[in-house]
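# Tertiary structure, described
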Amino acid sequence: MAKKIAILGGGPAGYVAAIRAAQLGASVTLVESANLGGVCTNVGCIPTKTYYHYAEITKEINDAKADKILEGEFSFDWLRILRKKDLIVKKLVAGIGFLMKKNQIEVLAGTGEIIGKGEVFVKHSNAEVSRVLCDEILIATGSAPRSIPIEGWQGSGVWSNTEALSAERVPASLLIIGGGVIGCEFAHIFSTFGCKVTIVEVLDGLLPGIDPDIVDIVTKTLARQGVSIRTGVGIQRIERTSEGVFAFSGAERFEAEEILGAVGRMPTPPIGAEIIAKLDRGRLVVDESCRAGDGVWGAGDVCGAPFLAHWASAMGEAAVENMLGANHHMNLDAVPGAFFTAIEVGTVGLTEPQAKARFGEVNIGRFPYQASGRAKTASAADGFSKVVTDKSGVIVGIHIAGKHASEMVCAAGLAVARKLTVDDWKETIVAHPTFGEILKESALDSIGEAIHI
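Residues numbered from 1 in each chain as written. Predicted model: local features only at pLDDT ≥ 70, side-chain atom pairs only at ≥ 80, totals over all residues. Heavy atoms only, no water.

## Notes on the pattern of salt bridges
Condition: We define a salt bridge as a contact between a side-chain nitrogen of Lys or Arg and a carboxyl oxygen of Asp or Glu at a distance within 4 Å. Counting from the N terminus, the helices are the DSSP runs of H or I reaching at least four residues and the strands are the DSSP runs of E reaching at least two.
Applying the stated criterion across every chain, the model contains 27 salt bridges. The closest approach of N and O atoms between Asp 382 and Arg 224, which form a salt bridge, is 2.8 Å. Of this pair, Asp 382 sits in the loop between α11 (373–377) and β24 (384–390) while Arg 224 sits in helix α7 (residues 212–224), placing them 158 residues apart in sequence. For Glu 239, the salt bridge is made with Arg 237, and the minimal N-O distance between the two is 2.8 Å.

## Here we look at the pairing of strand β21 (residues 337–340)
Heads up, the rule is: Strand pairing follows a simple DSSP-based rule, namely that at least 2 bridges must link the two strands.
One ladder, built from four bridges, connects β21 with strand β22 (residues 344–349); its direction is antiparallel. Among the inter-strand pairings, Phe 340 is bridged to a residue of β22, identified as Glu 344. The hairpin formed by β21 and β22 contains three residues between the paired strands.

## Points about the environment of Ser 228
Convention followed: With a 1.4 Å probe rolled over the protein chains alone, any residue whose accessible area is under 20% of its type maximum counts as buried; one over 50% counts as exposed, and the rest are partly exposed. The contact criterion used throughout is that any non-hydrogen atoms of two residues lie within 4.5 Å.
Structurally, Ser 228 can be placed in strand β11 (residues 228–231). Given a relative accessible area of 34%, Ser 228 falls into the partly exposed group. Expressed as a C-alpha distance, the spacing of Ser 228 and Gly 325, which sit 97 residues apart in the sequence, is 53 Å. Once residues within four sequence positions are removed from consideration, Ser 228 is found in contact with Val 197, Thr 198 and Ile 199.

## Observations concerning the sheet that holds strand β9 (residues 173–177)
Filter applied, for reference: Between the N-to-C directions of two axes lies an angle of 0 to 180 degrees, each axis being a line fitted to C-alpha atoms and, for a helix, fitted only over the stretch in contact.
Strand order in the open sheet formed by four strands is β11-β10-β9-β15, and the pairing between neighbours is parallel. In this open sheet, the two strands that pair with only one neighbour each are β11 and β15 (258–261). Across the sheet, the mean angle separating the axes of adjacent strands is 20° when strand polarity is ignored. Bridge count for β9 against strand β10 (residues 196–201) is five bridges, and the pairing is parallel. Looking across to β10, one finds that Leu 174 is bridged to Val 197.

## Some thoughts on the packing of helix α3 (residues 45–66) against helix α6 (residues 181–192)
The condition is simple: Put simply, angles under 35 degrees are roughly parallel, angles over 145 are roughly antiparallel, angles from 65 to 115 are roughly perpendicular, and the rest are oblique. Here a crossing is called left-handed whenever its near helix is offset anticlockwise from the far helix by less than a right angle, and right-handed whenever the offset is clockwise. Classification used: nonpolar for Ala, Val, Leu, Ile, Met, Phe, Trp, Tyr, Cys and Pro, charged for Asp, Glu, Lys and Arg, polar for all others including Gly.
Between α3 and α6, the least distance of the axes is 9 Å, while the angle of their chain directions is 45°. Looking at the two axes, α3 sits oblique to α6. Between α3 and α6 lies a crossing of left-handed hand. The residues of α6 that touch α3, namely those facing Thr 48, Lys 49, Tyr 51, Tyr 52, Ala 55, Glu 56, Thr 58 and Lys 59, are Glu 185, Phe 186, His 188, Ile 189 and Thr 192. Considered class by class, the residues forming the contact of α3 with α6 number five nonpolar, four polar and four charged.

So, to be careful, I would describe these as geometric facts and stop short of saying anything about function.
This is the structure in structure tokens:
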């Protein structure tokens, strides 16, 4: 008899887990209170990359005009970009719905509440309640924007990513509280479209946890684009008036038309999760196999950092496969990340400081985009690739800043996950002219054998 699995949450963890479980012969019920696809599809990765795409087109046109290759005036239509974003999201959500039907997954629209082991109540919008009995429960309820105890934060109209992505016009000025990935991405997008952007970050630098060389180039390229960056600044109070929004840090006042809160995300476990699993400050506690307790598993943002869609999907797949007899263990050391600011970034594995703390002696290889023929042809000479290896030459981290970094990090992720060595890369012939040559040259530089520098 097929094992019955109930999945709470239809985001990247939940819907991917549902499909994989169905492929393996399980009977699956998926519960989702909003649109399928979760934050990533609806108000996260996909919408922001749509805006980023048109921001890059705008930037490239401006660069071509500066080089006197293009002439004349051009303008963008923000509302058309907004509608394009909405259309893309609508089609992707419909596509996920199609996959649910194709894989014979029962989808219940409503909020799931755990009553006990193997029992879930689903409260529908019409006040009706469904009862789901199952052998296993996967909690994949995701996360929500974090708010911080700043006076006036609530009720002052501070934007989250949801409001920022649905804004019907570009504000004249925007204050972004938080200098992490979300804050830096939005700073680039709005700045490119003519908004005066200021980032305030309470820590001493942007992008905590990212390799220092990446932080340095992102900070410089954002500043060169006109973004004002203030680090080591904590906001204590926010006040909205008819003249705009004001944020106060001690005696200093920041003024903007809108404020975007980008201080990270917090897990959102379902009601009743504490009955059958352990929670730690709202985070569902799971082991390396994604197990949270007897008959209950977790995947994605609800389990805490890293808040990445692809990590959530990988956890979801591992969880349902383990429910059905596999023995997968999740490894954070090889989780790639990609983000899109004034310079594109792809990163995987250990940063240089992390590698030194773990191994002591490490080797570092670097290769600049300006030495790449392919980068020059694309007017993309800003950036670099950095490879970190242990003393035996095993690649433990790769960090890329520059055009197509988010695509290059896929190959980088394979190198770190499979523990490839510099010699492995040395023996690989890379097509020319490509951005991929930059990766190989940076690996060779770690042993002093890069050809083009």
